[in-house]
Amino acid sequence: MALDNKIPQGSISSKWTDYKNHINLINPANKRNIDVIIVGTGLAGGSAAATLAELGYNVKAFCYQDSPRRAHSIAAQGGINAAKNYQGDGDSVYRLFYETVKGGDYRAREANVHRLAEVSVNIIDQCVAQGVPLAREYGGLLDNRSFGGTQVSRTFYAKGQTGQQLLLGAYSAMNRQIGRGKIKMYNRHEMLDVVIVNGKARGIIARNLVTGEIERHSAHAVVIATGGYGNVFFLSTNAMGSNVTAAWKAHKRGAYFANPCYTQIHPTCIPVTGDHQSKLTLMSESLRNDGRIWVPKKLEDAQAIREGKLKPTQIAEADRDYYLERRYPSFGNLVPRDVASRAAKERCDAGFGVNATGEAVYLDFASAIDRYGKEQARIHHLDENDAKLVYDLGKKVVENKYGNLFQMYYKIVDEDPYTTPMMIYPAVHYTMGGVWVDYNLMTTIEGCYCLGEANFSDHGANRLGASALMQGLADGYFVLPYTIGDYLSKDIRTGKISTDTPEFEEAENNVRSMIDHLMNNKGEHSVDYFHKKLGKIMWNKVGMARNAQGLTEAMDEIAALREDFYKNVKVSGKAESFNQELEKALRVADFLELGELFAKDALQREESCGGHFREEHQTEEGEAKRDDENFSYVAAWEYKGNPREAILHKESLVYENIKMVTRSYK
Ligand SMILES: Cc1cc2nc3c(=O)[nH]c(=O)nc-3n(C[C@H](O)[C@H](O)[C@H](O)COP(=O)(O)OP(=O)(O)OC[C@H]3O[C@@H](n4cnc5c(N)ncnc54)[C@H](O)[C@@H]3O)c2cc1C
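Cut-off values and rules
Residues numbered from 1 in each chain as written. Predicted model: local features only at pLDDT ≥ 70, side-chain atom pairs only at ≥ 80, totals over all residues. Heavy atoms only, no water. Helix = DSSP H or I, 4+ residues; strand = E, 2+ residues; numbered from the N terminus. Buried < 20%, exposed > 50% of the residue type's maximum accessible area, 1.4 Å probe, protein only. Near = heavy atom within 4 Å. Polar contact = N/O pair within 3.5 Å; in protein donor to acceptor, adjacent residues only side chain to side chain. Areas by Shrake-Rupley, 256 points an atom, 1.4 Å probe, with all protein chains shown as cover. Nonpolar A, V, L, I, M, F, W, Y, C, P; charged D, E, K, R; others polar. 1 Å grid on protein atoms, 1.4 Å probe; cavity = no way out; pocket = protein on both sides within 12 Å on 5 of 7 lines; lining within 4 Å. Points joined across faces, edges and corners; volume = space filled by probe spheres on them.

As a further point, take unusual backbone geometry. In terms of backbone geometry, most residues other than glycine have negative phi values and most peptide bonds are trans. Its identity is not glycine, yet K6 carries a phi of approximately 55°, on the positive side. Tracing the backbone through its elements, the reader meets K6 in the segment before α1 (15-22). Of note in the backbone geometry, N259 takes a positive phi value of approximately 45° without being a glycine. Note on placement: N259 falls in the loop between β10 (257-258) and β11 (263-269). Residue class for N259 comes out buried when judged on its relative accessible area of 2%.

Taken together, the neighbourhood of the ligand is formed by 38 residues, with Q65, S73, G78, M191 and E453 sitting nearest. The backbone of G79 places a nitrogen or oxygen atom 2.8 Å from a nitrogen atom of the ligand. Contact between the ligand and A225: an oxygen atom at 3.5 Å from a main-chain N or O atom of the residue. Here the ligand loses 97% of its free accessible area of 1000 Å² to cover by the protein chains. In terms of residues, the shell around the ligand owes the most to one element, strand β6 (residues 189-197), which gives three residues. Residues of the shell around the ligand, tallied by class, amount to 17 nonpolar, 18 polar and three charged.

As a further point, take empty space enclosed by the protein. The full count for this structure, using the stated rule, is three cavities of 30 Å³ or more. By volume, the largest cavity amounts to about 60 Å³. Surrounding the largest cavity, I265, D338, S341, R342, M544, G611 and F613 form its lining. Of the residues forming the lining of the largest cavity, the biggest block, three residues, is contributed by helix α10 (residues 337-352). Taken together, the residues of the lining of the largest cavity break down into three nonpolar, two polar and two charged.

The values reported here are purely geometric and, on their own, carry no functional implication.
Structure, rendered in structure tokens:
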């Protein structure tokens, strides 16, 4: 099938407005006859569910947690971008558009990104109207901070809990509709297949996670908003339950999967301490507003620190290498994540790592505490030469800004980050790849949409910080409600979709036979055993730096591991009851397929761009070296029986408004 991205004609700044002016609408009475299934009620799915129900559609919403409030979106810490230019520091819709395209290393679709920048300003108004307590300045106006890859302050935030507060906003909007009966909420339900009838998505098969019952649900359209797939690496900052299942099942039914290898490895996470871990913890990028990243300049100092003979506070200023400030003076500690992560790896690989494993660098707040302390002392006419007073005043400012993050670090590492620098290292965090969607957010299955982190759409090869929340809410509050209406306008006379059809039967049987296999397989190893092995292959051969040999090996190793999984996995308990081991097994089965496609995608992309770093393609300074002539496309994969046989379709990326240049943050 040829890929049609359906980008409207016209100038970049008028496309979205013109599009909205000319789409088909559905009158309110007809909307009452149309059902929409939304799988996933994080920020993307939750905002879509609330908005579609408010418009009058009948929404059936699904999530695997006991409440939409527990979606992984709740973990988002640092903030959400919007081109409000409240600071008067030169921001604009164009600048957000430009910086997002540049941040993504020129591998995103211009039209989508411009629309995102346009609607970003509406998101903040929407959330404030819902009562989301975004941070305010002393005078009552909304406050902003900076995130990587930008030189303006456009990030709105609620302490280090922005995701939680935004999700409560979306959840309350949903709840209003649940109360009105316009949303039927299916908590603790997991979608395990999508049902296609006459080429259109018309329903899903879901498992009730409490009773184990397999259910059929029909609708006129299906929306997948099930988040990212970073857990293919086993260790990531994602919630334990984050998975690829819904997206992958849609892929197997005909939805192309785009750029699976584009993964974001976030530079500031608490380092791995050993094999016992199942989770990694993010230290928000917002900390790079004030924290300075460094390692010792001398190898012997780094070694002494690793051996516990020296403390970081004993290293003189002149003996510290603030390597981001050194290499990227214009952006300093606020370079984009892919750049910061690679720079940390480079220093650690060169022997300058500062923890026992040699895989950690420092994030230091001493100068921020001093700077803020002196400022406060001046404001209050106190003695700015009194070191203790300055420290106390400065600490209070830092605590107000990032207190909960510092507390989290202290609880995990048992070191006080106010008095000794934090140790951080890159970790898997976000997936820019995902289900391919056109401008309308429709996948290559008619009537099947994909929103939020689950789709591939707006971030190219690297996502800028605070842009995921913006994209998820843009998709759910402001984009899908228009685009899906245009599609559904053809369905006003269709009537209810029956679940009593061969297509539902086939999909249900498909799910049942997979569950039967897993439950009756008398293997020897737990699901985690396989997941951890997969994670190790992914991290070592498909992680921060990749090469052709490692990727080829990874594909074979993953295929062999998958075979072993089906022979040797052991799932205890029963299928007809609450069974988290079974839930995990179903998810890991899909990760074991995705992992191979992921490596295949990374292998075919013979260039480095954003978060995808091929060792064969780097500049002399170790920066990513793009090949615009041959690789300026979205790689959209069509499923053909197994990941190895997937067929590549290319969507060319055309840049008419932004000139592709070598990305520089110097
Ligand atoms: C620690 C952390 C901090 C972050 N901080 C920021 C930040 O400050 N700013 C920013 O912009 N971004 C941040 N991000 C990224 C951002 O949080 C996510 O990209 C975003 O929240 C994803 O939202 P979503 O709605 O697409 O998916 P999610 O919030 O992951 O929601 C997925 C939903 O799908 C449901 N689901 C999944 N599979 C199924 C299935 N098979 N059947 C039924 N339901 C299913 C789940 O129950 C859930 O409701 C952060 C990410 C992490 C990990």
